Amino acid sequence: ADQILAGGGKKSGKTQNAIARPLPHVHDSRFRCLIIRKSVPGLRYIEGKAHKLYRKLYGDQVDHNRTHHVFTFASGAQITLSFAADLSDCEKFEGGGFQMIIVDEARQFADPMVIDTIAAELYAENDTETGLPWMRPLLLLLSNPGGRGGEWLRERFAIDKFPKGGHELYDPATKRYRIYIHMTVHDNPSMDSDSYISG
């Protein structure tokens, strides 16, 4: 799918998903990923988690520029973290040429306009040998789609029709595929789910 919503309640692994999903691509110097949240405090939280994981996996082979919130890997691949509260914040992403954009806590956006504007920066150059994009660009949304603020997510990913997810949807307007992946605390490998639920 071109757009994935990975959604679930607390402790379902959404933040771990956000920081780990780009890692299979960081060996490629062309790779650029953007991870966004709506607020600066939320950004600090996810950046701290990313720093801990990336240092554990790559040691000094990853550089963390805390001023610009950018992780640069030995290949030259980059993961940038930023915030976007409204449309005026979208200008800073113009020309970014990202192959992956991850929106953590997408439900905090009242409507999809900011996310769709940023997603327009998804792009992958054609490979010289195949003539096809070297990577399929991906928009990954992470959120609990239930409750207030999740109406547009439930509509876009047909969650009321397919509450357990896993059904790929085709959007003829954008010619892109979307899918909802339902997540629970049992899907989070870093959690003792039984103890969490009973506690």
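Residues numbered from 1 in each chain as written. Predicted model: local features only at pLDDT ≥ 70, side-chain atom pairs only at ≥ 80, totals over all residues. Heavy atoms only, no water.

Q: Whenever I open this one, the overall build of the chain confuses me. Can you help?
A: Secondary structure summary: the chain contains 5 helices and 9 strands in total. The 199 residues of the chain split such that 45% are buried. Residue pairs at least 24 apart in sequence account for 66% of intrachain contacts in the chain once pairs closer than 6 positions are excluded. Of the roughly 10800 Å² of accessible surface on the chain, 51% is carried by carbon and sulfur atoms. (Helix = DSSP H or I, 4+ residues; strand = E, 2+ residues; numbered from the N terminus. Buried < 20%, exposed > 50% of the residue type's maximum accessible area, 1.4 Å probe, protein only. Contact = heavy atoms within 4.5 Å. Areas by Shrake-Rupley, 256 points an atom, 1.4 Å probe, with all protein chains shown as cover.)

Q: Could you clarify how one ought to interpret the side chain of Asp171 in this entry?
A: Among the secondary structure elements, Asp171 is positioned in strand β8 (residues 169-171). Each residue touching Asp171, except ones within four places of it in the same chain, is listed here: Arg176 and Arg178.

Q: Quick question: what am I supposed to make of the pattern of salt bridges here?
A: Oppositely charged side chains can form a pair if their charged atoms are brought close together. Applying the stated criterion to the full structure yields 5 salt bridges. Its salt-bridge partner being Arg136, residue Asp2 comes within 3.0 Å of it at the nearest N-O pair. Of this pair, Asp2 sits in the segment before β1 (3-8) while Arg136 sits in the loop between α3 (113-119) and β7 (138-143), and the two are 134 residues apart along the sequence. Given the relative accessible area of 12%, Asp2 is considered buried. Of the charged contacts, one joins Arg30 and Asp28 as a salt bridge, the two residues approaching to 2.9 Å between their closest N and O atoms. Accessibility expressed as a relative area gives 37% for Arg30, which makes it partly exposed. (Salt bridge = Lys/Arg side-chain N within 4 Å of Asp/Glu carboxyl O.)

Q: Honestly, the side chain of Arg154 in this entry has me stumped. Any pointers?
A: Relative to the helices and strands, Arg154 is located in helix α4 (residues 151-156). No salt bridge forms around the buried Arg154; measuring N to O, its nearest opposite-charge neighbour Asp160 is 4.0 Å away. A distance of 2.5 Å separates the side chain of Arg154 from the backbone oxygen of Pro145, its partner in a polar contact. Apart from the residues lying within four places of it in its own chain, the contact partners of Arg154 are Pro145, Gly146, Gly147, Ile159 and Asp160. (Lys, Arg positive; Asp, Glu negative; His and termini not counted. Polar contact = N/O pair within 3.5 Å; in protein donor to acceptor, adjacent residues only side chain to side chain.)

Q: What should I look at first to understand the pairing of strand β5 (residues 78-83) in this one?
A: Regular strands place side chains that alternate from one sheet face to the opposite one. Inspection of the sheet shows strand β2 (residues 32-37) paired to β5 by 6 bridges, in the parallel sense. Opposite Leu34, over in β5, you have Thr80 as the bridge partner. Alignment of strand β4 (residues 70-73) against β5, held across 3 bridges, turns out to be antiparallel. Paired with Phe71 across the strands is Ile79, a residue of β5. Between β4 and β5, which pair antiparallel in sequence order, lie 4 residues; one of them, Gly76, sits at a positive phi of approximately 105°. (Pairing = 2+ DSSP bridges.)

Q: Looking at this model, I keep getting lost on the confidence of the model for the chain. Mind explaining?
A: Do not read the predicted coordinates in detail wherever pLDDT is low. Within the chain, residue pLDDT values average 89, and 90% of them lie at 70 or more. Within the chain, the lowest mean pLDDT, 49, falls on helix α5 (residues 193-198), and the highest, 98, falls on β4. (pLDDT = per-residue confidence, 0-100.)

Q: Help me out: how do you make sense of the packing of aromatic side chains in this one?
A: The relative placement of two aromatic rings is captured by the distance of their centres and the angle of their planes. Evaluated as defined, the whole model comprises 4 aromatic pairs. Centroid distance Tyr58 to Phe73: 5.3 Å. Interplanar angle 80°. Geometry classified as edge-to-face. Highlighted residues: Tyr58 in helix α2 (residues 40-58) and Phe73 in strand β4, separated in sequence by 15 residues. Members of the aromatic cluster, connected to one another through ring pairs, are Tyr54, Tyr58, Phe71 and Phe73. Across the ring face of Trp134, the terminal group of Arg30 is positioned such that the distance to the ring centre comes to 4.2 Å. (Phe/Tyr/Trp six-rings, centres within 6.5 Å; stacked < 30°, edge-to-face > 60°. Lys NZ or Arg CZ within 6 Å of the ring centre and 35° of its normal.)

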